[in-house]
Amino acid sequence: MSLELIGFPLCPYVQRSVITLLHKQVSFTLTHIDLAHKPEWLLALSPMGKVPCLKIDGGTVLFESQVINEYLDETIAPALHPTDPLERAQHRAWIAFGSEILGDQFQMMVAQGDERFTAASRQLFEKLERLERIRGTGAFFAGESFSLVDAALAPLFMRMEILHALRPLPRWESLDKLRRWTARLMELPEVAGSVTADFPNHLHHYLSDRGSLLLRSA
Ligand SMILES: N[C@@H](CCC(=O)N[C@@H](CS)C(=O)NCC(=O)O)C(=O)O
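With an unreviewed UniProt entry as reference, the protein chain is termed glutathione transferase, source organism Acidithiobacillus ferrianus. Word for word, the UniProt comment on the protein chain under Catalytic activity (unreviewed entry) is "RX + glutathione = an S-substituted glutathione + a halide anion + H(+)".

As C-alpha cells, then:
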C-alpha cells in the first residue's frame, strides 16, 4: 500500500496523522502545500479545502485527521484504539474534545488584541483544566499503552510548551498532570520526529507575521 499524506508544516491535525504513521513504522510520503495559496488539486481532493488528506495507492483520498487515523489504525498494526466499543467511543469523544481545544489554542495564538486574547485563553484553559481533572495516573491517556488519543493531543501539548517558552503561561504551568504527560509524549521518537527541528522557529515566525499578542512583552 502506498500512502501520501498531504499537509502543511504547522498544522496540528496533519501532525496527528504523522505521529500515527511514524508510530506504526509504515513508509509514507509527506507533501506539503502552502495553505495561503491552495493548489486547485487540493480543492478537488478535499471538499472542505483542508489538510490533512491521505491518498491511498495513488487513488482514493481520505480527509479529516480522525478518519485518517482510524483508517490507518484499522489497516496497519499495532492497533491503537481499544477493542471494547464503549471504551473506543470514549476515546473518540476525547479526541473530538482535543480538536475543540486546538481551535481555542489557534485563536489564542493569532489574537492581536487583549480582548480576543483573554477570551480565547479563558476557553483554552477551561478545557485544559477539565482534561487535567480526568487525567489518570498512567504514562499515557489509557494507562501504559500509547493510543490515538495520545496521537491527537500531542500536537496540542507540544504547542503549549512552545508558547509557554515564548511567553510564560502560568495557568499551563499549574497543570502538573498534563505537563508530565506532555514530557512523556515528547520523549517518543514518533512525536519528536513528527515536526522538523526548526518547528519552534517556524511557529514563532508565523505568530510574528500575524502580530500575535503572545510575542509582545507580558
Ligand atoms: N477537522 C479537520 C481540521 C483540519 C484543519 O482545520 N486544517 C487546517 C490547517 S491546520 C486547514 O486546512 N485550513 C485551511 C482552511 O480552513 O482553509 C481535521 O481534523 O482534519
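1. What about the pattern of salt bridges?
For the structure shown, the criterion picks out 6 salt bridges. Between Glu70 and Arg92 there is a salt bridge whose closest N-O contact spans 2.8 Å. With Glu70 in helix H3 (residues 65–75) and Arg92 in helix H4 (residues 85–110), this residue pair connects regions lying 22 residues apart in the sequence. Here Glu70 falls in the buried class, since its relative accessible area comes to 12%. For Arg92, a relative accessible area of 34% gives the class partly exposed. Where Arg171 meets Glu129, a salt bridge forms, and the shortest distance between an N and an O atom there is 3.1 Å. Here Arg171, found in helix H7 (residues 170–173), pairs with Glu129, found in helix H5 (residues 114–134); they are 42 residues apart in sequence, far enough to count as distant. According to the relative accessible area criterion, Arg171 is partly exposed, its value standing at 35%. Since its relative accessible area comes to 23%, Glu129 is described here as partly exposed.

2. As for the sheet that holds strand E3 (residues 53–56)
Read from one edge to the other, the open sheet built from 4 strands follows the order E2-E1-E3-E4, with strand pairing classed as mixed. This sheet does not close on itself; its edge strands, each paired only once, are strand E2 (29–32) and strand E4 (60–63). Along the sheet, successive strands turn relative to each other by an average axial angle of 25°, direction set aside. As judged from the 4 bridges shared by E3 and E4, these two strands associate in the antiparallel manner. Across the sheet, the residue bridging to Leu54 is Leu62, located in E4. Strands strand E1 (3–7) and E2 of the sheet are contacted by helix H1 (residues 12–23), whose axis makes an angle of about 155° with E1.

3. Considerations on the UniProt feature "domain: GST N-terminal" (unreviewed entry) in the protein chain
With numbering matched to this structure, UniProt assigns "domain: GST N-terminal" (unreviewed entry) to residues 1–80. Within residues 1–80, the helical portion is 36% and the strand portion 21%, while the C-alpha atoms at the span's ends are 20 Å from each other.

Thresholds applied
In this numbering scheme, every chain counts its residues from 1 along its sequence in written order. The predicted origin of the model limits local features to residues at a pLDDT of at least 70 and limits the giving and counting of side-chain atom pairs to 80 or more, whereas totals for whole chains, interfaces and linings rest on all residues. To obtain the side-chain values, all non-hydrogen atoms of the structure were included, while hydrogens and water were left out. UniProt positions are given in the numbering used here, feature names are shortened, and annotations may be inferred rather than shown by experiment. A carboxyl oxygen of Asp or Glu within 4 Å of a side-chain nitrogen of Lys or Arg is what we treat as a salt bridge. Per the convention used, a helix needs a DSSP run of H or I reaching at least four residues, while a strand needs a run of E reaching at least two, with both numbered from the N terminus. Accessible area is worked out with a 1.4 Å probe on protein chains only. A residue is then buried under 20% of its type maximum, exposed over 50%, and partly exposed in between. Strand pairing is assigned whenever DSSP identifies at least 2 bridges connecting the two strands. Note on geometry: axes are C-alpha line fits, over the in-contact stretch for helices, and angles between N-to-C directions span 0 to 180 degrees. Contacts are assigned to residue pairs with any non-hydrogen atoms lying within 4.5 Å of each other.

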